[in-house]
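Okay, here's what each chain looks like letter by letter:
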Amino acid sequence: MTNFGLPADFIEEVKRRNDIISVISKSLSLEKKGRTHWACCPFHFEKTPSFAVNEVEQFYHCFGCGESGDVIKFVEKYENMTFFEAVKFLAQNAGMSLPEINVKNADLEALKQKEKVLKALSLARDYYISKLDLTQNTPATAYVLKRGLTDEVVKYFGIGYSPDWNGLIRHLEREKISLETMKLAGLIEHNEHGNPYDVFATRLMFPILNSFGDCIGFTARTLDDSSKFAKYRNSTQTIVFDKSKTIYNIHTIKNLKKEQNIDYIIICEGTIDVIAMFKAGFKNTVACLGTALTPYHASELKRYTSKIILCLDGDNAGQNATYKAIDVLSETGLEVRVVKLKDNLDPDEFLKKYGAEDLKEALSVAKDSIEYKLDTLSIKNDLKDNYQKNTFITQALEVLKNLNSNSEKEIYLKIVAEKTDVPIDILRRDLQKDRVDNPHQNDGEMNEEKDFITRPQGEHKAVQFVLASIIHKQEYAFPALSKKLIFQNPNYQKLFDFAKECHLEGKTYTISSLFDYFEVEKNEDISRIINFNFSSFNENKKVYFDECLGKITLLDLKAKQEQLMKSFKEETDNAKRRQIAEKLTEIAKEIKNGDK
Ligand SMILES: [Zn+2]
């Protein structure tokens with residue numbers, strides 16, 4: 001790690017004055033146990049806390065993903081900052097200023113330029129705000145009132161107005177902002193005569209803030225609906241604004257998260273929707289700005305919640321956007337629901353017509369994303385027409401194909417069956433046939449069995465397959481006999497230990513002799529292993545065995561991890577705690593390797 005020419009004792013002082021607990025607790029809710037504070041890790045998806053912050057040692061460590069570091073590293077990672085930016089941020093936090101440094105450095109130059117641009121944008125925002133005087137009767141005021149935007153909301157979102165083509169430029173020049181910086185900030189362009197003009201002239205201005213509340217750009221609405229220009233104009237890409245990475249109203253979400261857990265975040269189509277939702281009490285609402293939802297947006301949102309409710313427009317474009325957003329969000333591990341508002345209204349219109357209570361009701365019955373997909377497909381096709389009904393079934397099965405578990409598939413197959421009156425058995429067979437026909441998964445039956453390790457019940461099956469292979473003396477299973485395998489089920493352990501003992505001592509046994517050692521008839525677990533049916537497995541058994549074995553080892557590691565986590569939380573002796581933490585780090589590494 002380079003210090004960018006910053007003296008080491010300065011860095012130490014910055015760390016000393018920024019207690020790691022107080023810095024992290026601004027972003028995560030920490031729960032104190034002994035001298036360690038726990039939270040759900042912000043760097044990987046989890047539901048139970050394994051992210052530990054050590055007050056004495058002033059470092060954090062995640063036992064789930066292995067991420068660790070000091071307070072500077074945390075700010076770097078969490079806020080997406082460079083090392084230099086993080087140090088500066090923390091120094092300011094502690095009321096310290098950066099020492100003069102003589103090193104020429106590209107990062108430092110970039111930071112300085114960023115700061116100039118942010119200053120220009122902040123001054124521009126203040127200027128626009130000063131030009132929206134709600135006591136005056138102007139087109140801008142008329143629009144604000146028509147939209148039902150209250151004083152409070154206008155203030156909170158910093159809504160302003162750009163009255164003309166050059167007022168902003170004159171104002172910023174007085175503030176010693178160069179035309180070059182204004183251009184870099186995306187505030188001005190030059191006309192064909194080379195004269196600069198405010199690109200947002202005569203528009204209502206909505207500042208776009210980053211999670212710190214800095215203004216990084218604008219979205220601007222024309223007041224003249226008959227204008228040939230686009231209704232909304234967003235800032236162009238600049239060094240501080242990238243719409244593929246920006247979420248409107250994220251600063252509110254960040255502040256909410258400091259106060260309480262956020263059950264879900266609502267995603268709407270536009271700024272006006274977000275503001276209307278905010279006004280109606282749904283502060284946990286955001287929007288993307290003139291772009292489709294990206295994986296970056298998704299992982300940013302995942303820091304604050306585990307569930308998203310999509311509330312995009314009901315028109316065709318909105319539906320397509322919903323479809324795509326579902327996939328992007330689900331891939332990040334977020335639970336996704338979709339709400340469709342009555343009469344295809346957008347949230348702003350809906351709230352005006354029906355009010356907040358009805359919206360709350362609509363949110364509470366939001367459909368899960370798969371059901372939503374099936375619904376839209378069934379509406380697109382006329383199910384009374386046989387040809388279209390067939391198309392619907394093909395499309396629906398395509399959606400269900402990617403579900404992880406058979407039980408999940410069953411739930412939705414039932415819906416398809418109800419919609420089409422085709423018996424569920426037939427649909428199920430079609431869904432399975434589709435797998436076999438799929439050229440990418442051409443090992444047929446094997447695949448059917450093979451994917452069971454990823455199903456909810458798959459863990460038991462993996463264990464059974466491994467044990468049955470051992471007991472039935474399959475050659476590929478021999479190497480496993482020199483390992484120390486741990487089974488949660490004591491009967492399985494007994495069987496394994498027996499087979500291992502025989503193997504090590506050169507004793508032989510026949511399957512039938514097992515009936516003498518174990519009360520097979522009375523013991524369902526053991527009977528299942530002895531009567532295991534290998535017929536659905538072909539020559540790939542060895543590959544599959546190794547996969548299952550990996551799964552068992554992983555299960556064992558995870559069980560150990562859980563045990564250790566428990567004793568770590570309970571242990572009060574510091575030296576012992578450190579020993580446990582070391583073991584946990586080892587296990588986390590092994591799990592990480594095994595999960596690949
Ligand atoms: Zn983690």
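Residues numbered from 1 in each chain as written. Predicted model: local features only at pLDDT ≥ 70, side-chain atom pairs only at ≥ 80, totals over all residues. Heavy atoms only, no water.

S.K.: Would you explain helix α18 (residues 406-420) in this entry?
M.R.: Counting along an α-helix, one turn takes 3.6 residues, and residues three or four places apart therefore face a common direction. Compared with an ideal rise of 1.5 Å per residue, which puts 15 residues at 21 Å, α18 spans 20 Å between its outermost C-alpha atoms and is within 8% of the ideal. Within two residues after α18, Asp421 carries a phi angle of roughly 65 degrees, on the positive side. (Helix = DSSP H or I, 4+ residues; strand = E, 2+ residues; numbered from the N terminus. Expected span 1.5 Å × (residues − 1).)

S.K.: Can you help me understand the pattern of salt bridges in this one?
M.R.: Between side chains of opposite charge, pairing is possible as soon as their charged atoms come close. Overall, the coordinates contain 29 salt bridges when judged by the stated rule. The shortest N-O distance in the salt bridge between Arg16 and Glu13 comes to 3.0 Å. One end of the pair is Arg16 and the other is Glu13, both in helix α1 (residues 8-17) and 3 residues apart, which spans about a single turn. A salt bridge links Lys373 to Asp327; the nearest nitrogen and oxygen atoms lie 2.8 Å apart. With Lys373 in helix α16 (residues 369-380) and Asp327 in helix α13 (residues 316-331), this pair connects stretches of sequence that are 46 residues apart. Three or more residues joined by partner-sharing salt bridges are found here, namely Glu12, Lys15 and Asp70. (Salt bridge = Lys/Arg side-chain N within 4 Å of Asp/Glu carboxyl O.)

S.K.: Sorry if this is basic, but what is going on with the sheet that holds strand β13 (residues 265-268) here?
M.R.: What holds strands together in a sheet is hydrogen bonding between their backbones, with the strands either parallel or antiparallel. Spatial strand order, β12-β14-β13-β15-β16-β17: 6 strands in an open sheet with mixed pairing. Where the open sheet ends on each side, the last strands, each with one partner, are β12 (247-248) and β17 (367-368). Sheet topology places β13 next to strand β15 (residues 307-311); 4 bridges connect them, and they run parallel. Bridging from a neighbouring strand, Ile266 pairs with Ile309 of β15. (Pairing = 2+ DSSP bridges.)

S.K.: Looking at this model, I keep getting lost on the sheet that holds strand β10 (residues 215-222). Mind explaining?
M.R.: Taken together, the 4 strands give an open sheet; going across it, the order is β6-β9-β10-β11, and neighbouring strands pair in antiparallel fashion. Every interior strand has two partners, whereas the edge strands, β6 (160-161) and β11 (232-234), have only one. When β10 meets β11, the two strands line up antiparallel, connected through 3 bridges. Paired with Ala220 across the strands is Arg233, a residue of β11. Running over the sheet, helix α6 (residues 139-146) touches β6, β9 (203-209), β10 and β11 and is turned about 65 degrees from β9. (Contact = heavy atoms within 4.5 Å. Axes fitted to C-alpha atoms, helices over the stretch in contact; angles between N-to-C directions.)

S.K.: For this particular structure, what's the right way to read the packing of helix α3 (residues 71-79) against helix α4 (residues 83-93)?
M.R.: What describes two packed helices is the angle between their axes and the distance between those same axes. Their axes nearest at 9 Å, the elements α3 and α4 cross at an angle of 115 degrees. One element, α3, and the other, α4, form an angle in the roughly perpendicular class. Helix-helix and strand crossings are classified by hand; for α3 and α4 the assignment is right-handed. For the pair α3 and α4, contact is made by Val71, Ile72, Val75 and Glu76 and by Phe83, Ala86, Val87, Phe89 and Leu90, respectively. Residue composition of the contact of α3 with α4, grouped by class: 8 nonpolar, no polar and 1 charged. (Parallel < 35°, antiparallel > 145°, perpendicular 65-115°, else oblique. Left-handed = near helix turned anticlockwise from the far one by under 90°. Nonpolar A, V, L, I, M, F, W, Y, C, P; charged D, E, K, R; others polar.)

S.K.: Explain the packing of α13 against α16 to me, please; I cannot follow it from the model alone.
M.R.: At a minimum axis separation of 11 Å, α13 and α16 run at an interaxial angle of 150 degrees. In terms of orientation, α13 and α16 fall into the roughly antiparallel class. Note that α13 runs across α16; the crossing there is left-handed. Contacts between α13 and α16 involve Gln319, Thr322, Tyr323, Ile326 and Asp327 from the first element and Ser369, Tyr372, Lys373, Thr376, Leu377 and Lys380 from the second. Tallied by class, the residues present in the contact of α13 with α16 amount to 4 nonpolar, 4 polar and 3 charged.

S.K.: What am I meant to see in the nonpolar core here?
M.R.: The tendency in soluble globular proteins is for nonpolar side chains to be buried as a group. Grouped together as the largest cluster of nonpolar side chains are 57 residues, with contacts concentrated most on Phe51, Ile267, Leu301, Leu310 and Leu329. There are two domains that each give this core at least three residues, and those are domain 1 (8-93) and domain 3 (250-365). Apart from residues no more than four positions distant in its own chain, Leu329 is found in contact with Ile267, Leu293, Ala298, Leu301, Ile308, Leu310, Leu334 and Val336. Val117, Leu204, Ile208 and Ile272 belong to the second-largest nonpolar core, a separate cluster that totals 45 residues. (Core = buried A, V, L, I, M, F, W, Y, C linked by side-chain atoms within 4.5 Å. Buried < 20%, exposed > 50% of the residue type's maximum accessible area, 1.4 Å probe, protein only. Domains from an automatic or database assignment.)

S.K.: When you look at the domain arrangement of the chain in this model, what are you seeing that I'm missing?
M.R.: Segmenting the chain into domains produces domain 1 (8-93), domain 2 (107-241), domain 3 (250-365), domain 4 (381-437) and domain 5 (458-595). A C-alpha centroid distance of 38 Å is found between domain 1 and domain 5. Each side of the interface is counted separately: domain 1 has 11 residues, and domain 5 has 12 residues. Overall, the association of domain 1 and domain 5 removes approximately 980 Å² of surface from exposure, summing both partners, and the carbon and sulfur fraction of that is 55%. Interface area lost by domain 1 to domain 5 is led by Lys33, Trp38 and Phe63, which between them contribute 50%. Connecting domain 1 to domain 5 are 1 salt bridge. The salt bridge partner of Arg578 is Glu57, with a shortest N-O separation of 2.4 Å. The interface formed by domain 1 and domain 5 includes 2 residue pairs in polar contact (both at pLDDT 80 or more). Looking at the side of domain 1 that touches domain 5 residue by residue, the classes come out as 4 nonpolar, 4 polar and 3 charged. (Buried area = accessible area lost by both parts, 1.4 Å probe. Polar contact = N/O pair within 3.5 Å; in protein donor to acceptor, adjacent residues only side chain to side chain.)

S.K.: Is there a simple way to explain the packing of aromatic side chains in this structure?
M.R.: What describes a pair of aromatic rings is the distance from one ring centre to the other and the angle between the planes of the rings. With the rule as written, the count across this model stands at 22 aromatic pairs. Look at Tyr128 and Phe218: their rings are 5.3 Å apart centre to centre, the planes differ by 85 degrees, and that puts the pair in the edge-to-face class. Residue Tyr128 is located in helix α5 (residues 106-130), and its partner Phe218 is located in strand β10; the two are separated by 90 residues in the primary sequence. In this pair, the class of Tyr128 matches that of Phe218, namely buried. Aromatic ring contacts, followed pair by pair, group Phe43, Phe51, Tyr60, Phe74 and Tyr78 into a single cluster. Sitting over the ring of Tyr354, Lys342 keeps its end group 4.0 Å from the ring centre. (Phe/Tyr/Trp six-rings, centres within 6.5 Å; stacked < 30°, edge-to-face > 60°. Lys NZ or Arg CZ within 6 Å of the ring centre and 35° of its normal.)

S.K.: How should I be thinking about the side chain of Lys500 in this particular structure?
M.R.: With respect to the element layout, Lys500 can be found in helix α22 (residues 490-504). Here Lys500 sits buried without a salt bridge, and the closest side chain of opposite charge, Asp497, lies 6.4 Å off (N-O distance). If sequence neighbours within four positions are ignored, Lys500 has contacts with Leu481, Ser482, Lys483 and Lys484. (Lys, Arg positive; Asp, Glu negative; His and termini not counted.)

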